[in-house]
Amino acid sequence: MTVIEEFHPDYLTLHLDGRFDAHETPQVRQSLATHTPKNVHINLEKVTFLDSAALATLVQAMKNCRERGGDVVLCNMPQPVRIIFELTRLDKAFKIINTVHDATQH
Amino acid sequence: MAYTNYQHWKTTPLGDTIVPHLSVIIPAYNEAERIVPSIGAIASYICDLGFDWELIIADDGSKDNTVALVEELGLANARVLRAAKNGGKGSAVKRGMLAARGRYRLFADADNSTPIEEVSKLLAKVDGSQAPRYDIAIGSRAAEGAQESNKSLLRRIFSGGLRMMVKYVLGINVRDTQCGFKLYTAEAAQRLHHAQTMMGFSFDLEVLYLAAKYGYTIAEVPVSWIDAPGSKVNPTKEAKRFIKDMAAIKRNDWRGAYAS
Ligand SMILES: Nc1nc2c(ncn2[C@@H]2O[C@H](COP(=O)(O)OP(=O)(O)OP(=O)(O)O)[C@@H](O)[C@H]2O)c(=O)[nH]1
Ligand SMILES: [Mg+2]
């Protein structure tokens, strides 16, 4: 998986591309530990699969950001990613925007 | 459009009169941590293919909450086959394959090590859309064009002498016998898994041995494989077991245990 960091005045965007699994979580964790952003947007548009280690990494990132008074926002979820979030019920925990294939999402 | 396929599959049971085009069987032993994302990926991809299909979770006496976790997902076309005690991967695959109703039957490891997208390559080998038509298509990490990241334990066990034995002792002409991603026609699945006697990881060897004996054709299809951490395999124990089981397969055959 590739991770591209994009810096904005008040948030950091991570563009992820590929399979987000236990082999890839260190680079995401490291990026977040280096920049300690208050707000993070994670662009999942090109993510093909997330495993439980990836989900745990995102949950931890959300906790860290919320402690800093910010949040993690998940963007552009493709269908498999969306279904994985629904089945694990993590869709209820995260702020999700621009979900692909969807008009009804909050 | 695509998401509505999934929603329909999730909420509307196929019913007994419809023969699913595909059954996906996931053998599962203590997979509470890994299995739900894999189910999500599988459901998303297969629903998009647009045919009727069923998902079978063949529990293998899990001591964690794998069974409850999967049942709580409330998927209308998923079934959990619960086992009272741990019988080995072979026992789980056997129960799943024999309970399945699909025209084609895939088993796939719970960790999505072979991404589910690869099933399309396997299906093309057995469903008549590509000539020649095979009875069995098996994922292979050794075939030309395969991509493998993070070699799995069982693969490493098999890279040396054991693989030579498979070839020269059992006469199995397949380069990667152990890939947890194999597709059979209903007929082959019924016959082979009915005859299967090995319940551990060596069931793959036995089933491939029987496939050759019964005259089924096998396509070895290069697939990508990303091994997930969290394997519960003890390599030394399994290597010994493989050697013992290879001898047992020969013995069974001499004794006529596999006679058709
Ligand atoms: N280890 C193990 N797996 C089982 C058993 N019964 C069913 N399984 C399932 O068989 C599949 C393969 O298990 P893994 O532990 O990943 O074994 P593997 O991938 O062959 O070996 P590794 O390459 O070491 O990961 C998984 O879906 C397991 O849940 C069992 O008794 N032991
Ligand atoms: Mg594995």
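Because the structure is a prediction, the values reported are computed rather than measured.

Caption draft 1: Up close: the pattern of salt bridges. Residues and elements named next belong to chain B. Under the defined criterion, the tally for this structure stands at 14 salt bridges over all chains. Between E31 and R34 there is a salt bridge, and its shortest N-O distance comes to 2.8 Å. With a relative accessible area of 6%, E31 lands in the buried category. Taking relative accessible area as the criterion, R34 reaches 17% and is therefore assigned buried. With a shortest N-O distance of 2.9 Å, R79 and E54 are connected by a salt bridge. With R79 in strand β3 (residues 78-81) and E54 in strand β2 (residues 53-59), this pair connects stretches of sequence that are 25 residues apart. Assessed through its relative accessible area of 31%, R79 is described here as partly exposed. Bridged by salt links that share partners, the residues E31, R34 and D111 form one connected network.

Caption draft 2: Here's a closer look at the pairing of β2 of chain B. Residue and element names in this part refer to chain B. Extensive coverage of β2 is indicated by the burial of seven of its seven residues. The two faces of β2 match: W53, L55, I57 and D59 on one face and E54, I56 and A58 on the other face are all buried. Looking at chain direction, strand β1 (residues 22-28) and β2 are connected through seven bridges and run parallel. Across the sheet, residue S23 finds its bridge partner in β2, namely E54. Alignment of β2 against β3, held across four bridges, turns out to be parallel.

Caption draft 3: View of the environment of V93 of chain B. Residues and elements named next belong to chain B. Position of V93 relative to the elements: it lies in helix α4 (residues 89-99). The spacing of V93 and P27 is 66 residues in sequence and 5.7 Å in space, taken between C-alpha atoms. Once residues within four sequence positions are removed from consideration, V93 is found in contact with P27, F107, H193 and F203.

Caption draft 4: How the structure looks around unusual backbone geometry. All names here are of chain B. Note that the residue after A131, namely P132, is joined by a cis bond; omega there is -5°. Although it is not a glycine, N30 adopts a positive phi angle of roughly 50°. As for its placement among the helices and strands, N30 is situated in the loop between β1 and α2 (35-49). Classification of N30 as partly exposed rests on a relative accessible area of 22%.

Caption draft 5: Representation of the packing of aromatic side chains within the structure. In total, this model carries five aromatic pairs over all chains according to the counting rule given. Geometrically, the ring pair formed by F85 of chain A and F94 of chain A is edge-to-face, given 5.7 Å between the ring centres and 80° between the ring planes. Residues F85 of chain A and F94 of chain A agree in their burial class; the two are buried. Across the ring face of W225 of chain B, the terminal group of R141 of chain B is positioned such that the distance to the ring centre comes to 4.2 Å. It is R191 of chain B that lies over the ring of Y214 of chain B; its NZ or CZ is 4.0 Å from the centre.

Caption draft 6: Seen up close, the pairing of strand β7 (residues 181-185) of chain B. Residue and element names in this part refer to chain B. The buried count for β7 comes to five of five residues, which makes it a mostly enclosed element. Inspection of the sheet shows strand β4 (residues 104-108) paired to β7 by five bridges, in the antiparallel sense. The residue bridging L106 from the neighbouring strand is L183, located in β7. Here three bridges tie strand β5 (residues 136-140) to β7, and the two strands are oriented antiparallel to one another. Note on β7: the bridge partner recorded for A137 is L183.

Caption draft 7: Quick look at the state of the cysteines. Using the criterion set out here, one finds zero disulfides over all chains in the structure. Considering cysteine sulfurs only, C75 of chain A is the nearest to C65 of chain A, which forms no disulfide, with 12 Å between them.

Caption draft 8: Quick peek at the confidence of the model for chain A. Residue and element names in this part refer to chain A. With 92% of its residues at a pLDDT of 70 or more, chain A shows a mean pLDDT of 92. Confidence, expressed as mean pLDDT per element, reaches its minimum in chain A at strand β5 (residues 95-97) with 95 and its maximum at helix α2 (residues 52-67) with 98. Segment residues 100-106: pLDDT under 50, and 10 contacts once partners within four positions in sequence are set aside and those in other chains are kept.

Caption draft 9: View of the sheet that holds strand β8 (residues 218-222) of chain B. Residues and elements named next belong to chain B. Taken in spatial order, the seven strands make up an open sheet running β3-β2-β1-β4-β7-β5-β8, and their pairing is mixed. Each of the sheet's edge strands pairs with one partner strand only, and the pair in question is β3 and β8. If you compare each strand with its neighbour and ignore which way they point, the axes differ by 20° on average.

Caption draft 10: Here's a closer look at the interface of chain A and chain B. Tallying the contact residues gives 18 residues for chain A and 25 residues for chain B. Between chain A and chain B lies a buried interface of about 1700 Å² when both sides are counted; carbon and sulfur atoms form 60% of it. When the buried surface of chain A facing chain B is broken down by residue, R19, Q79 and L87 of chain A rank first, second and third, together holding 35% of it. Here chain A is connected to chain B by seven residue pairs in polar contact (both at pLDDT 80 or more). For the side of chain A that touches chain B, the elements supplying multiple residues, two or more each, are β3 (39-50), α2 and α3 (79-87) of chain A. The element contributing the most residues to the side of chain A that touches chain B is α3 of chain A, with seven residues. Looking at the side of chain A that touches chain B, its residues break down into eight nonpolar, four polar and six charged.

Each value, and the rule that gives it
- Residues numbered from 1 in each chain as written.
- Chains lettered and ligands numbered in written order.
- Predicted model: local features only at pLDDT ≥ 70, side-chain atom pairs only at ≥ 80, totals over all residues.
- Heavy atoms only, no water.
- Salt bridge = Lys/Arg side-chain N within 4 Å of Asp/Glu carboxyl O.
- Buried < 20%, exposed > 50% of the residue type's maximum accessible area, 1.4 Å probe, protein only.
- Helix = DSSP H or I, 4+ residues; strand = E, 2+ residues; numbered from the N terminus.
- Pairing = 2+ DSSP bridges.
- Contact = heavy atoms within 4.5 Å.
- Phe/Tyr/Trp six-rings, centres within 6.5 Å; stacked < 30°, edge-to-face > 60°.
- Lys NZ or Arg CZ within 6 Å of the ring centre and 35° of its normal.
- Disulfide = S-S within 2.5 Å.
- pLDDT = per-residue confidence, 0-100.
- Axes fitted to C-alpha atoms, helices over the stretch in contact; angles between N-to-C directions.
- Buried area = accessible area lost by both parts, 1.4 Å probe.
- Polar contact = N/O pair within 3.5 Å; in protein donor to acceptor, adjacent residues only side chain to side chain.
- Nonpolar A, V, L, I, M, F, W, Y, C, P; charged D, E, K, R; others polar.

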